[in-house]
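# Report on the structure
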Amino acid sequence: MATPEASGSGRNGQGSDPAVTYYRLEEVAKRNTAEETWMVIHGRVYDITRFLSEHPGGEEVLLEQAGADATESFEDVGHSPDAREMLKQYYIGDVHPNDLKPKDGDKDPSKNNSCQRSRRPGCLWIPGEVALRLKRRF
Ligand code: HEM
């Protein structure tokens, strides 16, 4: 198990919760073996070393994500509420605020939708006027 000392300079970034241990992503990245396996899911750091052999989806997939941000893979599988509940027992701290991706902290939904107001290929572009009419109808 990690001790606060193990987090070194990563503990308690500016403007952060003093009750939480913060880890830099470079510290997490070092724990990428079966002897010590950490991963990030939704900005939280988990020490899943003792869970490897218990994972219903197998050890392999976890080791592939070891030391990294596994949020996307975790969500892609569509884990059950039970699986999400299990995460709690492996929680050791949060990703240091300086290492969070901008979109994690971006609460403005219009900015998260890369297709909005965009005419890039792959995006369905609806002119403002038409969008407004559609909005009124539905
Ligand atoms: C510590 C984090 C994780 C926990 C606690 C966890 C837990 C579980 C649990 C309880 C199940 C059984 C099905 C369910 O209840 O959803 C499961 C299945 C599975 N998990 Fe995870 N999991 C974790 C991370 C991951 C990651 C990062 C991946 C992918 C890279 C993954 C891939 C899978 C797969 C492929 C299955 C099998 C699905 C099936 O056969 O239906 N898991 N996991």
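Quick caveat: nothing in here was measured; it's all calculated off a predicted structure. (Residues numbered from 1 in each chain as written. Predicted model: local features only at pLDDT ≥ 70, side-chain atom pairs only at ≥ 80, totals over all residues. Heavy atoms only, no water.)

### Topic: the coordination of the iron atom of the ligand
The condition is simple: Note on donors: an N, O or S atom is included if it sits within 2.8 Å of the metal, or within 3.2 Å for Na, K and Ca, and water is never included, so sites can look incomplete. In these descriptions, tetrahedral denotes four donors with every angle between 85 and 135 degrees, square planar four donors and octahedral six donors with opposite donors over 155 degrees apart and the rest between 65 and 115, and irregular any other case. Counting from the N terminus, the helices are the DSSP runs of H or I reaching at least four residues and the strands are the DSSP runs of E reaching at least two. The rule is simple: take the accessible area with a 1.4 Å probe, protein chains only, and divide by the maximum for that residue type; under 20% is buried, over 50% is exposed, in between is partly exposed.
The iron atom of the ligand binds to the protein through H55 (NE2) and H79 (NE2); the donor distances cover 2.0 Å. Coordination at the iron atom of the ligand is octahedral: its 6 donor atoms span angles of 87 to 179° at the metal. On the criterion of sequence distance, the pair formed by H55 in the loop between β3 (44–47) and α2 (59–65) and H79 in the loop between α3 (71–77) and α4 (81–87) is long-range, its members being 24 residues apart. Assessed through its relative accessible area of 13%, H55 is described here as buried.

### Examining unusual backbone geometry
Most peptide bonds adopt trans geometry, and most residues besides glycine take a negative phi value. Not every positive phi belongs to a glycine, and H42 is a case in point at roughly 50°. As for its placement among the helices and strands, H42 is situated in the loop between β2 (38–41) and β3.

### Things to note about the layout of surface pockets
Basically, it comes down to this: A pocket here means an open set of points on a 1 Å grid, computed over the protein atoms alone, that has protein on both sides within 12 Å along at least five of seven lines. A cavity is instead a set of points where a 1.4 Å probe fits but cannot get out; residues with an atom within 4 Å of a point line either one. Grid points are joined across faces, edges and corners, and a volume is the space filled by probe spheres set on the points. Nonpolar residues are Ala, Val, Leu, Ile, Met, Phe, Trp, Tyr, Cys and Pro. Charged residues are Asp, Glu, Lys and Arg, and all others, Gly as well, are polar.
Taken as a whole, the largest pocket encloses approximately 420 Å³ of empty space. If you trace the largest pocket, you find 21 residues lining it, with F51, H55, L62, F74 and H79 closest to the centre. Within the residue set of the lining of the largest pocket, elements represented by two or more residues are β2, α2, α3 and α4. Tallying contributions element by element places α2 first for the lining of the largest pocket, with 4 residues. Here the residues of the lining of the largest pocket are counted per class, giving 15 nonpolar, 5 polar and 1 charged.

### As for the site of the ligand
Quick note on the threshold: Residues are labelled near a given molecule or strand when at least one of their non-hydrogen atoms is within 4 Å of it. Here a polar contact is recorded for every N or O atom pair within 3.5 Å, except that within protein the pair must consist of a potential hydrogen donor and a potential acceptor, and residues adjacent in sequence are included only if both atoms are side-chain atoms. A pocket or cavity is taken to hold a molecule when more than half of that molecule's atoms are within 2 Å of the pocket's grid points.
Near the ligand, the surroundings consist of 18 residues, among which I48, H55, L62, H79 and S80 are the closest. H55 is positioned such that a nitrogen or oxygen atom in its side chain is 2.8 Å from a nitrogen atom of the ligand. H79 places a side-chain nitrogen or oxygen 2.8 Å from a nitrogen atom of the ligand. Most atoms of the ligand, that is more than half of them, are within 2 Å of grid points of the largest pocket. Looking at the shell around the ligand, the elements that each hand over two or more residues are α2, α3 and α4. Partitioned by chemical class, the residues of the shell around the ligand number 12 nonpolar, 6 polar and no charged.

### As for the UniProt feature "domain: Cytochrome b5 heme-binding" (unreviewed entry) in the protein chain
Heads up, the rule is: UniProt positions are given in the numbering used here, feature names are shortened, and annotations may be inferred rather than shown by experiment.
The UniProt entry lists residues 20–96 under the feature "domain: Cytochrome b5 heme-binding" (unreviewed entry), expressed in the numbering used here. Helix makes up 35% of residues 20–96 and strand makes up 19%, while its end C-alpha atoms are separated by 10 Å.

### Some details on the packing of aromatic side chains
Condition: Put simply, two rings from Phe, Tyr or Trp (the six-membered ring, in Trp's case) pair if the centres are within 6.5 Å, and we call them stacked under 30 degrees between planes, edge-to-face over 60, tilted for the rest. Any Lys NZ or Arg CZ found within 6 Å of a ring centre and within 35 degrees of that ring's normal is scored as a charge over the ring.
Summed over all chains, the structure comprises 3 aromatic pairs. With centroids separated by 5.1 Å and ring planes inclined at 70°, the aromatic side chains of Y23 and W38 adopt a geometry described as edge-to-face. With Y23 in strand β1 (residues 22–23) and W38 in strand β2, the pair connects residues that are 15 residues apart, well separated along the chain. Both residues of the pair, Y23 and W38, belong to the buried class. Geometrically, the ring pair formed by F51 and Y90 is tilted, given 5.1 Å between the ring centres and 40° between the ring planes. Taken together, the positions of F51 in the loop between β3 and α2 and Y90 in the loop between α4 and β4 (91–95) put the pair 39 residues apart, joining distant regions of the chain. The class of F51 is buried, set by a relative accessible area of 9%. A cation over an aromatic ring shows up here: R31 above the ring of W38, its NZ or CZ 4.1 Å from the ring centre.

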